[in-house]
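Notes for the structure review
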Amino acid sequence: MRVPAGRFLLSKAYFKGACRSAAGVVVAIDGTVFAPPAVDSTAWIMFHYADGLAIRGGTLDGQGRAHWACRADPGRKCPPGTTTLDISQSKGVSIKKVTLLDSKNVHMSIYDSTGVTVQGVRIVAPADSPNTDGIHVQLSRHVRILGTTIGTGDDCVSMGPGTSDVLIRNIKCGPGHGISIGSLGGEAGEGGGEERDGGGGGADGHAERPADQDLGEAQPRLRHGGRLLAGHHARRAQPHRRRPELLPRPRPMPRQELRVRISDVSYTDIEGTSATPVAVKFDCSGSNPCTGFRLSNVRLTYQDKPARSLCRNADGSASGVVSPRSCL
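A brief look at the structure comes next.

Structural notes on the environment of Gly 62
Within the secondary structure, Gly 62 is located in the loop between β8 (59-61) and α1 (65-72). Sequence separation between Gly 62 and Lys 104 is 42 residues; the distance between their C-alpha atoms is 6.1 Å. In this structure Gly 62 touches Ala 35, Trp 44, Thr 84, Leu 101, Asp 102, Ser 103 and Lys 104, once residues within four positions along its chain are discounted.

Digging into the nonpolar core
Counting 39 residues, the largest nonpolar core has Phe 47, Ile 55, Leu 85, Ile 95, Met 108, Val 118 and Ile 135 as its most contacted members. At 3 residues, the largest contribution of residues to this core is made by strand β6 (residues 43-48). If you look at the next biggest cluster of nonpolar residues, it comprises 17 residues, including Cys 284, Cys 290, Leu 295 and Val 322.

Points about unusual backbone geometry
Gly 17 connects to Ala 18 through a cis peptide bond whose omega is 15°. Along the polypeptide, Ala 18 turns up in the loop between β3 (13-16) and β4 (26-29). For the bond running from Ser 323 to Pro 324, omega is 10°, close enough to zero to count as cis. Residue placement: Pro 324 occurs in the segment after β33 (314-323). One non-glycine residue, Asp 102, lies in the positive phi region at around 45°. We classify Asp 102 as buried; its relative accessible area is 14%. Of note in this structure, Asp 165 is not a glycine but carries a positive phi near 55°. Secondary-structure assignment places Asp 165 in strand β19 (residues 164-169).

The rules behind each value
- Residues numbered from 1 in each chain as written.
- Predicted model: local features only at pLDDT ≥ 70, side-chain atom pairs only at ≥ 80, totals over all residues.
- Heavy atoms only, no water.
- Helix = DSSP H or I, 4+ residues; strand = E, 2+ residues; numbered from the N terminus.
- Contact = heavy atoms within 4.5 Å.
- Core = buried A, V, L, I, M, F, W, Y, C linked by side-chain atoms within 4.5 Å.
- Buried < 20%, exposed > 50% of the residue type's maximum accessible area, 1.4 Å probe, protein only.

Written as structure tokens, this is what we have:
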């Protein structure tokens, strides 16, 4: 299927497999496809059971500005936010050289899928656009995000429950909240996950927020197996007043135990600046502390001066040049 050059309005689209072609389906986009101001669906463009799908080139414009303005007005009743591109329950999917603009909500969702590669993709939305995550991955396995540029108002990449074997390499992140692992434990029986984020990326203008620990009614879960290699030339700020910490921390709630534990996470080859004196902050739970954290070749400064690090209920090691001095 090919979309020719030009601009085309699309109300919404739902493609459901199984695909009849053994080699899968190629969607080639030469032009720009744009959404209406409101979409009567949680996803604007959705591919379901689309094994072997390949999406190439073009621009998907979510036209989210009217929706964001509505949400900014507490007196207005707004339609639900819409994900621009939703890949669900699919295998062997490849998305390359696609530009996603101004989504009303999450730009790309990968849900309950296996073997998905996102490469050379560009995702753009203003820094103050709400809930415009770049790529959200949940209940998925063997996901590769490579050579991609993401600048949005929320997480560049977020990973939810049941996610395993995610490789993130050579990405540029900013503006945005960084790479998020977590928001687990909100529901009973919720699965844990395992992520692996590979290096060579950078964050421009906003904080990495690789891991959050959330309280909930779920059974205790283990979050482990991470490699967060966040690359070089990162200019770090703290854009979100409610989430100013650089790294994992519990969100306190009365009379409940923290239900998520984070372990075996590495941060390698990170260079840049912080907008706050504390450039590295591991603030973990007392009941389920963070363990197995590793820092290697981390260089962060604050206003051209040495920065500080803070550790609470966190254990690990440091190697190579680490500045600020490791508190692990």
